[in-house]
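Residues per chain are reported as follows:
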Amino acid sequence: MQSSISDDDHTLDLPEIRQVDISEPLRWLEAGWQDFRRMPLFSGFYGLIFILLGYALTAATWQSPILVMTFVTGFFLVTPFLALGLYHLSRQREQGGAVSLARSLLAFRERKFDVALLVTFHVVVMVAWIRLTTLLSALYLSGTRFSVSVLIEKLFSTPEGLGMFALFVLTGAALAVLVFITSVVSWPMLLDRKSGVINAVATSIQVVNRNKLVMVLWAVLIVGLLSIGLATLYLGLLIIMPVLGHATWHAYRSLVA
């Protein structure tokens, strides 16, 4: 994706963006794992929150399998914001001071306005995703509520179901790519610098633009690990989400000078 924003743009005042080796995402994961090992209780606390959130969303929408599918896949859209405390833990550890769970829980207070703006963007994307899946369900499945087994059969054994599933995947992927491009380093950057949300998002876009293959690999690793977490009935998120959150901090440090 091409961007007209350059590092010389004094209005946005973007930081220097590094081009990194294709193997860097694996190093980020390793660094994230090391952070998890050194802060297992604090990191695991956040992992437990993700598990409980997954169960709560599933329980709340269980009577409508379409909504279950919508909210489960919605994990991919909201994880950058939900991992804010994990970025802060990695930042505290990097700075060499005492690591505080309470401070990480209140990390958003350092940049309340900018965080609120970026949260609003994620909420808008999530609402759009819910509306789109509801519309697809009404168009292709006549708005009828199905059991999980009947829904699976309907999706994969009828032309209407296959059409809906294809659009479901395409629209979900488009929104996920949008979120990824705009937030791959923007959340850690908001914590680390006094630049505004526009600068943070613009930097994130430039990072993706200058490291396309690296970012593709990073996105594949994120989706793959999150899928494993969801496939284990959320239990895998206890470790996967903290490791990914910490790794995202190290990705930011690697990509943004």
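These notes cover the structure that comes with them.

Rules used throughout
Residues numbered from 1 in each chain as written. Predicted model: local features only at pLDDT ≥ 70, side-chain atom pairs only at ≥ 80, totals over all residues. Heavy atoms only, no water. Helix = DSSP H or I, 4+ residues; strand = E, 2+ residues; numbered from the N terminus. Buried < 20%, exposed > 50% of the residue type's maximum accessible area, 1.4 Å probe, protein only. Polar contact = N/O pair within 3.5 Å; in protein donor to acceptor, adjacent residues only side chain to side chain. Contact = heavy atoms within 4.5 Å. Core = buried A, V, L, I, M, F, W, Y, C linked by side-chain atoms within 4.5 Å. Patch = residues over 30% accessible without salt bridge, like charges linked within 9 Å, V, L, I, M, F, W, Y side chains within 5 Å. Areas by Shrake-Rupley, 256 points an atom, 1.4 Å probe, with all protein chains shown as cover. Salt bridge = Lys/Arg side-chain N within 4 Å of Asp/Glu carboxyl O.

Digging into the side chain of Ser90
- Mapped onto the secondary structure, Ser90 falls in helix α5 (residues 84-95).
- The exposure class assigned to Ser90 is buried, which follows from its relative accessible area of 2%.
- A polar contact is formed between the side chain of Ser90 and the side chain of Asp35, at a distance of 2.7 Å.
- Excluding anything up to four places from it in sequence, Ser90 contacts Asp35, Met39, His246, Trp249 and His250.

As for the environment of Ala60
- Following the sequence through the fold, Ala60 ends up in helix α2 (residues 40-61).
- Here the alpha-carbon distance between Ala60 and Leu170, two residues 110 residues apart in the chain, equals 26 Å.

Topic: the nonpolar core
- By size, the foremost hydrophobic cluster in this structure holds 55 residues, and its most contacted members are Trp28, Met215, Trp218, Leu237 and Leu255.
- Considering every element that reaches this core, the biggest residue donor is helix α13 (residues 237-255), with ten residues.
- Residues in contact with Trp28, not counting those within four places in the same chain, are Val20, Val214, Met215, Trp218, Ala247, His250, Ala251, Ser254 and Leu255.
- Grouped together as the second largest cluster of nonpolar side chains are 14 residues, Ile66, Phe71, Trp129 and Leu136 included.

Examining a nonpolar patch on the surface
- Residues Trp33, Leu48, Leu52, Tyr55, Leu233, Leu235, Leu238 and Ile239 make up a contiguous nonpolar surface patch of about 750 Å² in total accessible area.
- Where the nonpolar patch is concerned, the elements lending two or more residues are α2 and α13.

None of the figures reported here should be taken as evidence of function without further support.
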